Amino acid sequence: MRFLRRNLTAYGFLCAALFCFTVFAWYPMVREFILSFQKTDLINEPVWVGFDNFKTAISDPAFGEAWLNTLEFTLLALLCGYAVPFVVALVLNELRHARAYLRFVVYLPVMLPPIVAVLLFRWFYDPGPGLFNQVLDAFGLPPLAWLDSSSTALISLVIVSTWMNMGSATLIYLAALQNIPPELYEAAELDGAGILKRIRHVTIPQTRMILLLMLMLQIVATMQVFIEPYMLTGGGPENATITVAYLMFQNAFTLQDYGSAGALGMMLMIVLLVFAAFQLRLTREDKA
């Protein structure tokens, strides 16, 4: 009893965290799993239909486009949102002045509500008075239909996502870089290694575990992209930016086909679980 009284506050915080996690994470997952095998309009009693919802979701003409766009968005986001924060962290780690101020500047977009950031970029992408086209005009270049062209719409969303989320990744990378013993860099410099060789042979091996972890988090997050296509393009033009998460939203709240939406969610979750399991196995092998 004395042990319980001494740790009562800790158990209280733990129970609150478990309650929130159960209500807002586990229960929706279990409810979605059940919903994917039911036909329901949320008014009448649900009817079990087996795998019919999965067949309906797969037969949707937008199904293939949604998965292709999601995979393309993920690959583009990895090129930008995974590499750029690491490069920014390398630069910040080498600075000796104004480091705290620049860390704040890099992290500032994360503190903005996502809707605010997306609306800001909607003005940037405006084909008329938008900032990006004004910059192009200043250099004598023709304007671009950033969100209205199927060739530029998806990469435009990637730019928004990278700007919104790079602050957190940059600070995580920076913390990992600052934990590298300086003796390793000094030894590399004595051996005549330049900056690129020091990054290749010292920085990357010393931050390998963080890089693998951030790779997994990056893929899991980008494959669930929803806010950017919902607010900026509505899945267009010509379904060029429709994603799996956005298609789930359409099925559930536009078509009111909750079973098909649940089936899509289950397929997405299975893909992410398979990837996460593969990533964890690679991490264990790397540790061994």
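Residues numbered from 1 in each chain as written. Predicted model: local features only at pLDDT ≥ 70, side-chain atom pairs only at ≥ 80, totals over all residues. Heavy atoms only, no water.

**Remarks on the nonpolar core**
Here's step 1: Ranked by internal contacts, the top residues of the largest apolar core, which has 42 residues, are Trp 67, Tyr 173, Leu 264 and Met 267.
Here's step 2: Of all the secondary-structure elements, those providing two or more residues to this core are α3 (52–59), α4 (62–94), α8 (153–178), α9 (182–190), α10 (195–206), α11 (208–222), α13 (244–254) and α14 (258–287).
Here's step 3: Ranked by residues supplied to this core, first place goes to α4 with ten residues.
Here's step 4: Setting aside residues no more than four positions away along its own chain, Met 267 makes contact with Phe 54, Ala 57, Ile 58, Phe 63 and Trp 67.
Here's step 5: By size, the runner-up hydrophobic cluster in this structure holds 18 residues, among which are Val 118, Val 160, Val 225 and Leu 232. (Core = buried A, V, L, I, M, F, W, Y, C linked by side-chain atoms within 4.5 Å. Buried < 20%, exposed > 50% of the residue type's maximum accessible area, 1.4 Å probe, protein only. Helix = DSSP H or I, 4+ residues; strand = E, 2+ residues; numbered from the N terminus. Contact = heavy atoms within 4.5 Å.)

**Considerations on the environment of Gln 178**
Here's step 1: Mapped onto the elements, Gln 178 comes out in helix α8.
Here's step 2: Judged by its relative accessible area of 40%, Gln 178 falls in the partly exposed class.
Here's step 3: For the pair Gln 178 and Glu 32, spaced 146 residues apart in sequence, the C-alpha to C-alpha distance is 42 Å.
Here's step 4: Beyond its immediate chain neighbours, meaning those up to four positions away, Gln 178 contacts Asn 93, Arg 99 and Arg 103.

**A look at the confidence of the model for the protein**
Here's step 1: Averaged over the protein, the pLDDT score is 86; the fraction of residues at 70 or greater is 97%.
Here's step 2: Mean pLDDT across the secondary structure elements of the protein bottoms out at helix α1 (residues 2–6), with 65, and peaks at α3, with 92. (pLDDT = per-residue confidence, 0-100.)

**Some words on the side chain of Thr 40**
Here's step 1: Note on placement: Thr 40 falls in the loop between β1 (38–39) and β2 (47–48).
Here's step 2: Given the relative accessible area of 13%, Thr 40 is considered buried.
Here's step 3: In this view, Thr 40 contacts Leu 35, Pro 46, Gln 256 and Tyr 258; residues no more than four positions away in its chain are not counted.

**What about unusual backbone geometry?**
Here's step 1: Here the residue pair Gly 236 and Pro 237 is connected by a cis peptide bond, since its omega of -10° sits within 30 degrees of zero.
Here's step 2: Here Pro 237 shows up in the loop between α12 (227–233) and α13.
Here's step 3: Phi angles above zero are rare outside glycine, and Glu 238 is one such case at about 55°.
Here's step 4: In this structure, Glu 238 sits in the loop between α12 and α13.
Here's step 5: Residue class for Glu 238 comes out exposed when judged on its relative accessible area of 73%.
Here's step 6: Phi at Asn 239 takes a positive value of approximately 60°, unusual for a residue other than glycine.
Here's step 7: With respect to the helices, strands and loops of the structure, Asn 239 is situated in the loop between α12 and α13.

**A closer look at the environment of Pro 114**
Here's step 1: Inspection of the secondary structure puts Pro 114 in helix α6 (residues 114–124).
Here's step 2: For the pair Pro 114 and Phe 24, spaced 90 residues apart in sequence, the C-alpha to C-alpha distance is 20 Å.
Here's step 3: Ignoring any residue separated from it by four or fewer positions in sequence, one finds Pro 114 in contact with Met 164 and Ile 227.

**Focus on the packing of α4 against α11**
Here's step 1: Remark: α4 packs on α11, axes separated minimally by 10 Å, with the N-to-C direction vectors making an angle of 140°. With respect to α11, the axis of α4 lies oblique. Two packed elements cross with a definite hand, and for α4 against α11 that hand is right-handed. When α4 is examined against α11, the residues Phe 73, Thr 74, Ala 77, Leu 78, Gly 81, Tyr 82 and Phe 86 are found in contact with a partner set consisting of Leu 211, Leu 212, Met 214, Leu 215, Gln 218, Ile 219 and Thr 222.
Here's step 2: Grouping the constituent residues of the contact of α4 with α11 by class yields ten nonpolar, four polar and no charged. (Axes fitted to C-alpha atoms, helices over the stretch in contact; angles between N-to-C directions. Parallel < 35°, antiparallel > 145°, perpendicular 65-115°, else oblique. Left-handed = near helix turned anticlockwise from the far one by under 90°. Nonpolar A, V, L, I, M, F, W, Y, C, P; charged D, E, K, R; others polar.)

**Concerning the packing of aromatic side chains**
Here's step 1: Tallying each qualifying case throughout the model produces 23 aromatic pairs.
Here's step 2: Put simply, the rings of Phe 121, Trp 123, Phe 124, Tyr 125, Phe 132, Trp 146 and Trp 163 pair up and form one aromatic cluster. (Phe/Tyr/Trp six-rings, centres within 6.5 Å; stacked < 30°, edge-to-face > 60°.)

**Structural notes on α6**
Here's step 1: For α6, the complete set of buried residues consists of Ala 117, Val 118, Phe 121 and Phe 124. The buried residues of α6 all sit within an arc of 105° when viewed along its axis, so they share a single face.
Here's step 2: Where α6 is buried, its residues touch α7 (131–138), α8 and α12. (Arc of directions from axis to C-beta.)

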